[in-house]
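# An overview of the molecular structure
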Amino acid sequence: MESLFDSAAEEAHKGQEPLAVRMRPRGLDEVIGQRHLLGPGTPLRRLVESEAPMSLFLWGPPGTGKTTLAYVVAGVTKRRFVEVSAVSAGVKEVRAAIEQARRELGMTGRQTVLFVDEVHRFNKAQQDALLPAVENRWVTFIGATTENPFFSVISPLLSRSLLLTLESLSEDDVRAVLDRAVADPRGLGGRVTLAPEAADHLVRLAGGDARRSLTYLEAAALLVPEGAITVETVEKAVDKAAVRYDRQGDQHYDVISAFIKSMRGSDADAALHYLARMIEAGEDPRFLARRIMIFASEDVGMADPTCLQIAVAAAQAVEMIGLPEGRINLAQAVIHCALAPKSNAVVKAIGAAGDDVRKGLIGQVPGHLRDAHYPGAAALGHGKDYQYPHDFEHGLVRQDYAPEQIRGRRYYEPTRHGAEAHFADRWTKIREFLRGPR
């Protein structure tokens, strides 16, 4: 009676598990995405196919399958699976898990997968506690992290482990996850259907996060026990209005165009609106960061040279922390770019120079500027009469730098906007010194 009761209780518990848990792959072949990690001969395949313990870190954005892969490794290899959360566990819990794994290995020969989620939250002492188990291979250690392990994990632990980088799931990957969950008996078992527009909206909302897509799908399915899940159903389930935005169609280009033009027009409020609109629609934040970096040089340039620094810093922050927090870094960069003085002198300068090159205005590099460090260069006259600017007052010396064909051509024409006014004054003086008055 007791075993029957336990079995019934276990089945009831499984039925109450979140959809994302129920749909975890049972083998590597069921894993969707991360193809670069799952091919023949990859470390994960070797770990599954061999008996030897191995320690590794799984680094990637949320919802990319870090926990899933750890479960799969344990399940396929029949190893014990012990999960420790770095949020709540301390050194005592880590050492207890390791000691239990040692006893199990010594008494039965059965290996243990010790999975530490959010391992970057462990302090140095807690990470040190893992070292003996990793070094002596008492466990197969798998650490999952969304943070760059080179900054968040101690070197001795990292050097004894393989580092595998997971990527955000593609739209096709997330759509495949949803389709499987709708049809699979472990999931919704075909009790509902998913309208194409609703599937597209779920994919956008997921932002490459499979777990988020399944959480939203489950919430929507609760509202329609039978029948079709529509965009309106998804809106109600996640309490978020659908943003009418097609990442592959006209809306994509219209909204990003309005975003850029609002920053160019110095309207920070409008630019923030379009930024929020794209983020809420599931636009890739890295795409947005790239557009801001381009804008910083194309539309601000030397009028505020710090603008590019801010844009690059925001892009790096987004890469490291992802959404939703990364939207704050993007917003800061957008405000800075929108309020900065504007100049397109940089893009005009490189454009004009490129036009001349394409027209054939190239010419020979002046002899005194040619490379003179290799044997025989001096005999060719390379470097002869070159004057080293640091030997002269103000670091300037009058000599020809441009090929003869373009001498007198002017590419960089600075504005008087913002900090570029200073560069304009300096460039005018330098140009007159080198070439004489215009």
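Residues numbered from 1 in each chain as written. Predicted model: local features only at pLDDT ≥ 70, side-chain atom pairs only at ≥ 80, totals over all residues. Heavy atoms only, no water.

This next bit is on the overall build of the protein chain. Scanning the protein chain from terminus to terminus reveals 20 helices and seven strands. Computed over C-alpha atoms, the radius of gyration of the protein chain comes to 30 Å, more than 25% over the 22 Å expected from 2.2 N^0.38 for 438 residues, which places it beyond the range of a compact globule. Along the first, second and third principal axes, the C-alpha set of the protein chain runs to 105 × 55 × 35 Å. Counting over 438 residues, the protein chain shows a buried share of 43%. The contacts in the protein chain between residues at least 6 apart in sequence include a share of 71% that link residues at least 24 apart. When the accessible surface of the protein chain is totalled, it reaches about 23700 Å², and 54% of it is carbon and sulfur. Across the protein chain, the centroid of the 54 positively charged side chains sits 4 Å from that of the 57 negatively charged ones. (Helix = DSSP H or I, 4+ residues; strand = E, 2+ residues; numbered from the N terminus. Rg over C-alpha atoms; globule rule 2.2 N^0.38 Å. Buried < 20%, exposed > 50% of the residue type's maximum accessible area, 1.4 Å probe, protein only. Contact = heavy atoms within 4.5 Å. Areas by Shrake-Rupley, 256 points an atom, 1.4 Å probe, with all protein chains shown as cover. Lys, Arg positive; Asp, Glu negative; His and termini not counted. Charge placed at Lys NZ, Arg CZ, Asp CG, Glu CD.)

Attention now goes to the side chain of Lys342. Looking at where Lys342 falls in the secondary structure, it is placed in the loop between α18 (326–339) and α19 (345–358). One buried charged residue, Lys342, remains without a salt bridge, the closest side chain of opposite sign being Asp299 at 8.3 Å. One polar contact links the side chain of Lys342 to the main-chain carbonyl oxygen of Ala338, over a distance of 2.6 Å. For Lys342, the residues in contact, after removing those within four places along its chain, are Met263, Arg264, Ser266, Phe295, Asp299, Val300, Ala303, Cys337, Thr415 and His417. (Salt bridge = Lys/Arg side-chain N within 4 Å of Asp/Glu carboxyl O. Polar contact = N/O pair within 3.5 Å; in protein donor to acceptor, adjacent residues only side chain to side chain.)

Quick look at the confidence of the model for the protein chain now. The predicted model of the protein chain has a mean per-residue pLDDT of 84, with 92% of residues at 70 or higher. By mean pLDDT, the top-scoring element of the protein chain is α18 (94), and the lowest-scoring one is helix α1 (residues 2–16) (46). Below pLDDT 50 for its whole length, residues 1–13 participates in zero contacts with residues either more than four positions away or in separate chains. (pLDDT = per-residue confidence, 0-100.)

Tallying each qualifying case throughout the model produces 19 salt bridges. In this structure, the salt-bridge partner of Arg264 is Asp299, at a minimum N-O distance of 2.7 Å. Taken as a pair, Arg264 in helix α14 (residues 250–264) and Asp299 in helix α16 (residues 285–300) lie far apart in primary sequence, 35 residues in all. For Asp299, a relative accessible area of 8% puts it in the buried group.

Here we take up the packing of α16 against α18. With their axes 11 Å apart at the nearest point, α16 and α18 run at an angle of 20° to one another. In terms of orientation, α16 and α18 fall into the roughly parallel class. Like other packed secondary-structure pairs, α16 and α18 cross with a definite hand, here left-handed. Here α16 contributes Pro285, Leu288, Ala289, Ile292, Phe295, Ala296 and Val300 to the contact with α18, which in turn contributes Leu330, Ala333, Val334 and Cys337. Of the residues that constitute the contact of α16 with α18, the class distribution is eleven nonpolar, no polar and no charged. (Axes fitted to C-alpha atoms, helices over the stretch in contact; angles between N-to-C directions. Parallel < 35°, antiparallel > 145°, perpendicular 65-115°, else oblique. Left-handed = near helix turned anticlockwise from the far one by under 90°. Nonpolar A, V, L, I, M, F, W, Y, C, P; charged D, E, K, R; others polar.)

By size, the foremost hydrophobic cluster in this structure holds 30 residues, and its most contacted members are Leu178, Leu194, Ala198, Leu214, Leu217, Ile229 and Val234. Counting residues per element, the ones that place at least two in this core are α2 (19–22), α10 (171–183), β6 (192–194), α11 (196–206), α12 (210–223) and α13 (231–238). Element by element, the count of residues in this core is highest for α11, at six residues. Those residues in contact with Ala198, other than ones at most four positions away along the chain, are Ile229, Thr230, Val231 and Val234. Among the nonpolar cores identified, the runner-up in size contains 29 residues, and Ile256, Ile260, Ile292 and Val334 belong to it. (Core = buried A, V, L, I, M, F, W, Y, C linked by side-chain atoms within 4.5 Å.)

Moving on: the packing of helix α15 (residues 268–280) against α18. One way to put it is that α15 packs onto α18 with a least axis distance of 9 Å and a crossing angle of 150°. If you check the angle between α15 and α18, you find them roughly antiparallel. Remark: the crossing between α15 and α18 carries right-handed chirality. On α18, the residues that touch Ala268, Ala271, Leu272, Leu275 and Ile279 of α15 are Arg327, Leu330, Ala331, Val334, Ile335, Ala338 and Leu339. The residue inventory of the contact of α15 with α18, partitioned by class, reads eleven nonpolar, no polar and one charged.

Quick look at the side chain of Thr140 now. For Thr140, the location among the structural elements is in strand β4 (residues 140–145). Those residues in contact with Thr140, other than ones at most four positions away along the chain, are Leu47, Pro53, Met54, Arg79, Gln111, Thr112, Val113 and Leu114.

The subject of this paragraph is unusual backbone geometry. The peptide bond linking Leu323 to Pro324 adopts the cis configuration, its omega dihedral lying at 10°. Examined against the element boundaries, Pro324 turns out to sit in the loop between α17 (306–321) and α18. The phi torsion at Glu118 lies on the positive side, around 55°, for a residue other than glycine. Residue placement: Glu118 occurs in the loop between β3 (112–117) and α7 (124–135).

Glancing now at the sheet that holds strand β2 (residues 80–85). Spatially, five strands are ordered β2-β3-β4-β1-β5 in an open sheet, and the strand pairing comes out parallel. The open sheet has two edge strands, β2 and β5 (162–165), and neither has a second partner. Neighbour-to-neighbour, the strand axes of this sheet turn through a mean angle of 20°, independent of strand direction. Pairing analysis gives four bridges linking β3 to β4, with the strands arranged parallel. The partner of Phe115 across the bridge, within β4, is Ile142. Packing of helix α5 (residues 66–77) onto the sheet brings it into contact with β1 (56–59), β2, β3 and β4, and relative to β3 it is tilted by some 170°. (Pairing = 2+ DSSP bridges.)

Only one face of β2 is covered, namely the face carrying Arg80, Val82 and Val84; the face carrying Phe81, Glu83 and Ser85 is uncovered. Taken together, β2, helix α6 (residues 91–108) and β3 constitute a β-α-β crossover, and its handedness is right-handed. (Right-handed = clockwise from strand over helix to strand, strands pointing away.)

This part takes up the packing of aromatic side chains. Throughout the structure, instances matching the rule amount to three aromatic pairs. An angle of 25° between the planes, with centres 4.2 Å apart, marks the rings of Tyr71 and Phe81 as stacked. Taken as a pair, Tyr71 in helix α5 and Phe81 in strand β2 lie far apart in primary sequence, ten residues in all. Taking the relative accessible area as the measure of exposure, Phe81 reaches 25% and is therefore partly exposed. Chaining the aromatic ring pairs together yields one cluster made of Tyr71, Phe81 and Phe115. (Phe/Tyr/Trp six-rings, centres within 6.5 Å; stacked < 30°, edge-to-face > 60°.)

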